[in-house]
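# A structural walkthrough
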Amino acid sequence: MTLSKLAARTYGALIYGFLYLPILILVIFSFNDSKLNAVWTGFTFKWYGSLWQNANVLHAAKITLIVAFASTLLSVIFGILVAVGMYRYKFKGKSVLDGMLNVPLVLPEIVMGISLLAFFSMMKLPLGIATLIIAHVTFSIPYVIVVIRARLQGFDKSVEEAAMDLGANEWKTFRLITLPIIQPAIIASALLAFTISIDDVIVSFFVAGPGSTTLPLQIFSMVRFGVTPEINALSTIMLAATLFVVILSELLQKKQT
Amino acid sequence: MLVFLFVPLVLVLFVSFMSRGVYGGIDYTFTLDNYKRFFDSLYFMMFLESILVAFITTFACVIFGYPFAYLIARSPVKYRTILMFLVIIPFWTNSLIRTYSWIVLLRTEGVINSLFLHYHWISQPLNLLYNNGAVLIGLIYTLFPFMVLPLYASIEKLDISLLEAASDLGAKGWQTFIKVTLPLTMPGVVAGSILVFIPTMGLFFIPDLLGGAKTMMIGNLIKNQFLTARDWPFGSALSIILIVATMLMIAGYFKFSGGKKEDLELI
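Predicted, not measured: the structure shown is a model, and the values here were computed from it.

Thresholds, definitions, all that
Residues numbered from 1 in each chain as written. Chains lettered and ligands numbered in written order. Predicted model: local features only at pLDDT ≥ 70, side-chain atom pairs only at ≥ 80, totals over all residues. Heavy atoms only, no water. UniProt positions renumbered as here; feature names shortened; annotations may be inferred. Helix = DSSP H or I, 4+ residues; strand = E, 2+ residues; numbered from the N terminus. Contact = heavy atoms within 4.5 Å. Buried area = accessible area lost by both parts, 1.4 Å probe. Salt bridge = Lys/Arg side-chain N within 4 Å of Asp/Glu carboxyl O. Polar contact = N/O pair within 3.5 Å; in protein donor to acceptor, adjacent residues only side chain to side chain. Nonpolar A, V, L, I, M, F, W, Y, C, P; charged D, E, K, R; others polar. Buried < 20%, exposed > 50% of the residue type's maximum accessible area, 1.4 Å probe, protein only.

## A closer look at the UniProt feature "transmembrane region" (unreviewed entry) in chain B
Residues and elements named next belong to chain B. Under the local residue numbering, the UniProt record ascribes the feature "transmembrane region" (unreviewed entry) to residues 43-65, 134-153, 189-211 and 232-254. Annotated as residues 134-153, this span is 100% helix and 0% strand, and its ends, taken at the C-alpha atoms, are 30 Å apart. Span residues 232-254 is 100% helix and 0% strand, its end C-alpha atoms 33 Å apart.

So this is what it looks like as structure tokens:
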């Protein structure tokens with residue numbers, strides 16, 4: 001019994017090692033003084049300093065944040081409307097719509113990328129921030145809807161009916177009853193949409209214009225020109241940002257349960 | 001949102017039947033050449049190879065992921081959340097960054113080679129990067145959490161009393177696993193496999209960065225048709241083939257495993 005327990009623990013430790021070792025080494029070497037060698041030569045912050053001076057990186061960071069905030073806001077608003085609408089009303093073609101909402105979850109991302117590219121070019125929309133935002137909203141919405149609907153399912157409809165009986169109109173009921181009830185789900189889905197947007201590579205690759213490179217795309221082009229500690233530093237910052245958002249959303253979710 | 005999802009898809013279907021213009025644009029004359037070109041040429045082999053790579057990746061993720069998910073799901077409740085959280089972190093981290101971290105490890109001047117040379121375990125740097133093995137490691141590494149999450153969800157839900165009943169009735173550990181545990185957790189296996197299989201075909205940057213020029217998967221081919229060769233009709237045809245193949249495979253998997261559509265909601 002103890003032997004198998006030991007084996008199980010070792011196996012678990014090995015898998016965690018496999019998951020974390022590459023990331024850990026990346027982070028460690030972002031503080032390494034040497035530019036060329038993978039051997040540790042001393043601690044430094046200079047790669048973070050040079051990032052701060054890199055105009056391309058700063059521009060990409062700006063684009064990334066604009067797109068992430070805008071697409072999160074839009075996908076949460078549309079997501080709430082769709083989720084509440086589907087929860088409250090029965091209409092023709094509801095089950096078809098239901099199935100369609102799942103399509104982006106199983107569609108290869110590259111296909112979504114090229115189809116949006118083809119679409120934008122036919123519509124003569126120039127590639128840039130606007131196309132990035134539209135694309136990000138398209139792939140975030142299904143996730144937002146899934147999260148909000150999960151919350152709505154556990155919620156007693158009679159509360160809404162009671163509010164209406166007491167004289168609240170539809171909008172008032174929505175604002176004072178429905179919205180506060182689904183609020184945790186809204187926050188969770190917003191954080192989800194935000195991280196998906198910041199981390200997306202494939203779809204952004206196709207719909208970003210020459211002047212609207214996002215941070216992951218910036219990393220992609222930097223890696224192709226060679227591996228430098230600057231990329232390690234930039235990757236470390238992005239890891240930290242994602243980690244921050246993930247922990248925040250976990251804490252918020254724990255608070256409500 | 002539906003407009004931005006389905007109109008573009010229909011458009012791609014439409015473009016896939018057009019011809020390529022002289023300067024790389026789209027010539028609006030109907031043709032089946034794009035599909036013919038795919039089926040009687042090297043591209044078809046490349047497509048089969050991509051599917052093979054996707055299968056190997058999925059299989060490796062199941063084999064390594066199942067015991068791992070089982071371990072977490074059966075660990076004491078107070079550790080479970082934290083152990084699972086440790087799996088979620090890589091799940092949410094940028095896949096490109098995680099791919100890049102393997103370059104740091106594997107390249108000629110990379111961490112592994114430097115260490116080995118330093119301790120004189122090897123006299124020349126090993127060629128670890130730019131081969132199919134590196135691509136496979138990158139794919140498995142990137143997609144592993146996508147397998148573990150649904151597996152964990154379905155194993156955790158499993159009622160232990162069923163396993164006890166099986167052993168009371170005289171089943172050995174192995175028999176219990178094959179006859180009870182595995183069938184009951186099949187929804188997790190299906191969901192995980194789909195979540196791993198589909199992205200494998202599209203993650204073009206992993207073969208690009210870890211495979212060098214040697215490895216080409218269907219994702220890279222599609223990307224090149226759109227951005228380098230500017231042959232949109234052919235690229236569109238490839239995408240349609242990819243969609244059809246994925247849908248067929250999902251349908252086949254559901255049929256084979258007896259899973260239901262609701263299983264996907266585990267995600």
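Next comes the rest of the write-up.
## Looking at the interface of chain B and chain A
In this assembly, 68 residues from chain B lie in contact with 69 residues from chain A. Here chain B packs against chain A, burying approximately 6,200 Å² in sum over the two surfaces, 84% of which is carbon and sulfur. Across the chain B-chain A interface, the total number found is zero salt bridges. Across the contact surface, chain B and chain A share six residue pairs in polar contact (both at pLDDT 80 or more). For the side of chain B that touches chain A, the class distribution of residues is 52 nonpolar, 10 polar and six charged.

## As for unusual backbone geometry
Despite not being glycine, K124 of chain A shows a phi value in the positive range, around 60°. Take K124 of chain A: it is sitting in the loop between α5 (109-122) and α6 (129-153).

## A look at the pattern of salt bridges
All names here are of chain B. Throughout the structure, instances matching the rule amount to two salt bridges over all chains. A salt bridge links R80 to E156; the shortest N-O distance between them is 3.1 Å. In this pair, R80 sits in helix α4 (residues 77-92) while E156 sits in helix α7 (residues 132-157), placing the two residues 76 residues apart along the sequence. A salt bridge links D208 to K223; the nearest nitrogen and oxygen atoms lie 2.8 Å apart. Here the residue D208 occupies a position in helix α11 (residues 205-210), and K223 occupies one in helix α12 (residues 218-227), the gap between them amounting to 15 residues. Overall, K223 belongs to the buried group, its relative accessible area being 5%.

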